[in-house]
Amino acid sequence: MSPASRNNATGADPERLLARKSLLQLRARVLQALRVFFTKRGYLEVETPYLIPAPAPELHIDAVAAGGAFLHTSPELCMKRLLSAGYPRIFQIAKCFREGERGGLHLPEFTLLEWYRAGFDYTDLMKECEELIRFVAEYLGHGEVLTYQGREVKLERPWERLTLGAAFERYAHISVEEALESGRFDEILALEIEPHLGSPKPVFLYDYPAPLAALSRLKPGEDGVAERFELYLGGGLELANAFTELTDAREQEERFLREREKRASLGKKTYPLPERFLEDLPRMPPSAGIALGVDRLVMFFGDTGRIDDVVTFTPEEL
Amino acid sequence: MYNASDLRKGLKLQFDDEPYVIIDFQFSKPGKGQALYRCKLKNMITGVIVDRTFRSVDTFEPADLEERKMQYLYNQEQEYYFMDVENYEQIMLSEDQVGEAKNFLIDNLEVDILLFGERPIGITLPNFVDLTVTKADPWVKGDSVSGDSKPVTTETGYVLRVPPFIEEGTKITVDTRTGEYVTRVKE
């Protein structure tokens, strides 16, 4: 096949690639800003392997198999092993891979920023998250008020904090308990609640039901709630997911096994247990960690609703 | 059988015993939650549009659809009759089902009839059809209101604008997708 006919087949003509230039320039500056922010705060930038023998078993996250191993779905497990070894502040900007995720806000290959800090809990991370995004805004020359897809976003601190329970009470037609029981939690969150989140102020949606906690610590003294939050900006743009990390290896192993069983019962692929991560976990200091979608952060500052606009090539153009 | 990951714009599905085509499709996935496939679906028989949200565990039947080459025979009041060119079976479409296509149905025209099971539900015309002009007013030179075109009526009763030199009895080619004049047929 000649290069010309290949271009025609994919539609990735040079003009289309060049049309993304201003957003790709913005992307480069966002990446610079992130590195400046963390370096100033004494974080060490790390790169962990993309190819790993065992991804964290999570019910709704599917890993891409490659060369007898898996492409990581997040750098989480390896970064926590570094924490356990005595690295108290680390960050990473990594490509991550998830099978079957493709939509206006999703790519099967995307970029995550993850950072972990010993001695932090999830409320400390909410504050650091505010500081990070305000820093990036300033670095890019923005003021405190931005517009995203026609909606106002005021970055003035403090941002809104809303528990899952309160969000269901405010926006959904049933309670969070009823949604969980009927198996409609995700549907109601996506359709009834998310569109309201993040305008005019960014919002931290926090205290998730324990069954949706994966790797986060349960909230002491509060039954059935996990110390997890998600950050939303500009009316439904989900940007970050954070935990106070679970450090109890036995509890973590039980959760992994439960998730694996659930995956198997749905006929999904199951993965080997991440044994070395579980071995290192007891040495991990109390800490908090967060994953933030870099592509979506660029979407926010570039005021575009399509993730395709902020990457060089979409999978369909390759 | 389709899985949720097969869903995309243009896919034709069957549920509640009716064929639907996906006219809009959105993938979403709330943090750590399951994938949701939000679809706008058009009922291929009634044209009614519905919103449905599917989950990754859902499966779907492909719509039982078939296109067959048929010849237009005649119409009687609001019923339009066609004949299968292979087995000479006749089928009927209502005026609603034929829709705009009635403007271009001339005797023996070969069309594609869409069947759901055995039931005819739609029609696809060739892109171009030749029609004879049955009524045309003479061109009045210098008539600035009508510009450089004038209305004519064709054998099917269809009225369209054509260049001034087209006269009664002329055969013209019409684009069935836009309903517009293309050229005069040279005989």
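Residues numbered from 1 in each chain as written. Chains lettered and ligands numbered in written order. Predicted model: local features only at pLDDT ≥ 70, side-chain atom pairs only at ≥ 80, totals over all residues. Heavy atoms only, no water.

Undergrad: Please provide a residue-by-residue account of unusual backbone geometry, values included.
TA: Look at the link from A:Arg157 to A:Pro158: it is a cis peptide, with omega at -5°. Its location among the elements puts A:Pro158 in the loop between strand 8 (151–154) and strand 9 (160–163). Between A:Ser199 and A:Pro200 the backbone carries a cis peptide bond, its omega angle lying at 5°. Positive phi is not limited to glycine here, since B:Asn108 has a value of about 70°. Among the secondary structure elements, B:Asn108 is positioned in the loop between helix 1 (95–98) and strand 10 (110–116). (Helix = DSSP H or I, 4+ residues; strand = E, 2+ residues; numbered from the N terminus.)

Undergrad: Could you give an account of the sheet that holds strand 13 (residues 150–154) of chain B, with specific residues and numbers?
TA: Residues and elements named next belong to chain B. Here five strands make up an open sheet; going across it, the order is 14-13-12-15-16 and the pairing antiparallel. Bordering the open sheet on either side are strand 14 (159–162) and strand 16 (180–184), each of which pairs with just one other strand. Going from strand to strand, the sheet's axes swing by 55° on average, the running direction of each strand aside. Relative to strand 16, strand 15 (residues 171–175) runs antiparallel, the two sharing four bridges. (Pairing = 2+ DSSP bridges. Axes fitted to C-alpha atoms, helices over the stretch in contact; angles between N-to-C directions.)

Undergrad: Go over the layout of surface pockets, please, and point to the residues and values.
TA: Of the pockets and cavities examined, the largest pocket occupies roughly 930 Å³. Considering the residues around the largest pocket, the lining is formed by 34 residues, among which A:Gly103, A:Gly104, A:Leu105, B:Gln26 and B:Phe27 are closest to the centre. Where the lining of the largest pocket is concerned, the elements lending two or more residues are strand 12 (237–244) of chain A together with strand 3 (18–28) and strand 4 (36–43) of chain B. Class assignment of the residues belonging to the lining of the largest pocket gives a composition of ten nonpolar, twelve polar and twelve charged. (1 Å grid on protein atoms, 1.4 Å probe; cavity = no way out; pocket = protein on both sides within 12 Å on 5 of 7 lines; lining within 4 Å. Points joined across faces, edges and corners; volume = space filled by probe spheres on them. Nonpolar A, V, L, I, M, F, W, Y, C, P; charged D, E, K, R; others polar.)

Undergrad: Break down the nonpolar core for me, with residues and values.
TA: Formed by 54 residues in total, the largest nonpolar core has its most connected members in A:Leu34, A:Leu113, A:Trp115, A:Leu132, A:Phe229, A:Leu292 and A:Phe301. Residue contacts for A:Leu132: discarding those within four places in its chain leaves A:Leu34, A:Phe37, A:Phe38, A:Leu113, A:Trp115 and A:Leu292. (Core = buried A, V, L, I, M, F, W, Y, C linked by side-chain atoms within 4.5 Å. Buried < 20%, exposed > 50% of the residue type's maximum accessible area, 1.4 Å probe, protein only. Contact = heavy atoms within 4.5 Å.)

Undergrad: Could you give me a rundown of the packing of helix 6 (residues 164–171) of chain A against helix 8 (residues 185–193) of chain A, with the residues and numbers involved?
TA: All names here are of chain A. One way to put it is that helix 6 packs onto helix 8 with a least axis distance of 11 Å and a crossing angle of 60°. The orientation of helix 6 with respect to helix 8, classified from their angle, is oblique. Relative to helix 8, the crossing made by helix 6 is left-handed. On helix 8, the residues touching Leu164, Ala167, Phe168 and Tyr171 of helix 6 are Phe185, Ile188, Leu189, Glu192 and Ile193. Grouping the constituent residues of the contact of helix 6 with helix 8 by class yields eight nonpolar, no polar and one charged. (Parallel < 35°, antiparallel > 145°, perpendicular 65-115°, else oblique. Left-handed = near helix turned anticlockwise from the far one by under 90°.)

Undergrad: An account of helix 11 (residues 294–302) of chain A is needed here, citing residue identities and associated values.
TA: Residue and element names in this part refer to chain A. In terms of residue burial, helix 11 counts as a mostly covered element, since eight of its nine residues are buried. All of the buried residues in helix 11 are Val294, Asp295, Arg296, Leu297, Val298, Met299, Phe300 and Phe301. Looking one or two residues beyond helix 11, the residue adopting positive phi is Asp303, at roughly 50°.

Undergrad: So what about the sheet that holds strand 9 (residues 90–94) of chain B? Which residues, and what values?
TA: All names here are of chain B. If you walk across this open sheet you meet the five strands as 9-8-7-10-11, and the pairing is antiparallel. Strand pairing shows two members of the sheet lacking a second neighbour, strand 9 and strand 11 (119–124), which therefore form its edges. Neighbour-to-neighbour, the strand axes of this sheet turn through a mean angle of 45°, independent of strand direction. Pairing geometry for strand 8 (residues 79–84) and strand 9, over five bridges, is antiparallel. By the bridge assignment, Glu79 is partnered in strand 9 with Ser94.

Undergrad: Just give me the short version of the pairing of strand 14 of chain B, but keep the residues and values in it.
TA: Residues and elements named next belong to chain B. Here strand 14 shows one buried face, formed by Leu160 and Val162, and one open face, formed by Val159 and Arg161. Looking at chain direction, strand 13 and strand 14 are connected through four bridges and run antiparallel. Considered in strand 14, the bridge of Val152 is made with Leu160. Counted along the chain from strand 13 to the antiparallel partner strand 14, the turn is four residues long, and its residue Gly157 has a positive phi close to 90°.

Undergrad: Explain the packing of helix 3 (residues 21–40) of chain A against helix 11 of chain A to me, using residue names and the numbers behind them.
TA: All names here are of chain A. Orientation of helix 3 relative to helix 11, taken along the N-to-C sense of each, is 115°, at an axis distance of 10 Å. Judged by the twist between their axes, the crossing of helix 3 over helix 11 is right-handed. On helix 11, the residues that touch Leu23, Leu26, Arg27, Val30, Leu31 and Leu34 of helix 3 are Val294, Asp295, Leu297, Val298, Phe301 and Gly302. Grouping the amino acids of the contact of helix 3 with helix 11 by side-chain chemistry returns nine nonpolar, one polar and two charged.

Undergrad: Describe the pairing of strand 13 (residues 287–293) of chain A, naming the residues involved and giving the relevant values.
TA: Residue and element names in this part refer to chain A. Where burial is concerned, most of strand 13 is hidden: seven out of the seven residues are buried. With burial as the criterion, each face of strand 13 is covered, one bearing Ser287, Gly289, Ala291 and Gly293 and the other bearing Ala288, Ile290 and Leu292. By the bridge criterion, seven bridges tie strand 6 (residues 109–118) to strand 13 in an arrangement that is antiparallel. Following the sheet pairing, Trp115 is matched in strand 13 by Ile290.

Undergrad: How would you explain a negative patch on the surface if you had to name every residue and give the values?
TA: Residue and element names in this part refer to chain A. Residues Asp248, Glu253, Glu254, Glu275 and Glu279 make up a contiguous surface patch of negative charge. At the level of elements, helix 9 (249–265) and helix 10 (275–280) are the ones that each hand at least two residues to the negative patch. Among the secondary structure elements, Glu254 is positioned in helix 9. Under the relative-accessibility criterion, Glu254 is labelled partly exposed at 41%. (Patch = residues over 30% accessible without salt bridge, like charges linked within 9 Å, V, L, I, M, F, W, Y side chains within 5 Å. Areas by Shrake-Rupley, 256 points an atom, 1.4 Å probe, with all protein chains shown as cover. Salt bridge = Lys/Arg side-chain N within 4 Å of Asp/Glu carboxyl O. Lys, Arg positive; Asp, Glu negative; His and termini not counted. Charge placed at Lys NZ, Arg CZ, Asp CG, Glu CD.)

Undergrad: Describe the interface of chain B and chain A, and please don't skip the residues or the numbers.
TA: Between chain B and chain A, the residue contacts involve 13 residues of the former and 22 residues of the latter. Taking both sides of the interface into account, the surface hidden between chain B and chain A amounts to around 1600 Å²; carbon and sulfur atoms contribute 56%. Per-residue buried area on chain B facing chain A is highest for B:Phe27, B:Lys29 and B:Lys32; these three make up 44% of the total on that side. Inspection of the chain B/chain A interface yields two salt bridges. A:Glu58 is the partner of B:Lys32 in a salt bridge, and the nearest nitrogen-oxygen pair spans 3.0 Å. Between chain B and chain A we count seven residue pairs in polar contact (both at pLDDT 80 or more) in total. Residue assignment for the side of chain B that touches chain A shows that the elements contributing at least two residues are strand 3, strand 4 and strand 5 (49–55) of chain B. Per-class residue counts for the side of chain B that touches chain A are four nonpolar, five polar and four charged. (Buried area = accessible area lost by both parts, 1.4 Å probe. Polar contact = N/O pair within 3.5 Å; in protein donor to acceptor, adjacent residues only side chain to side chain.)

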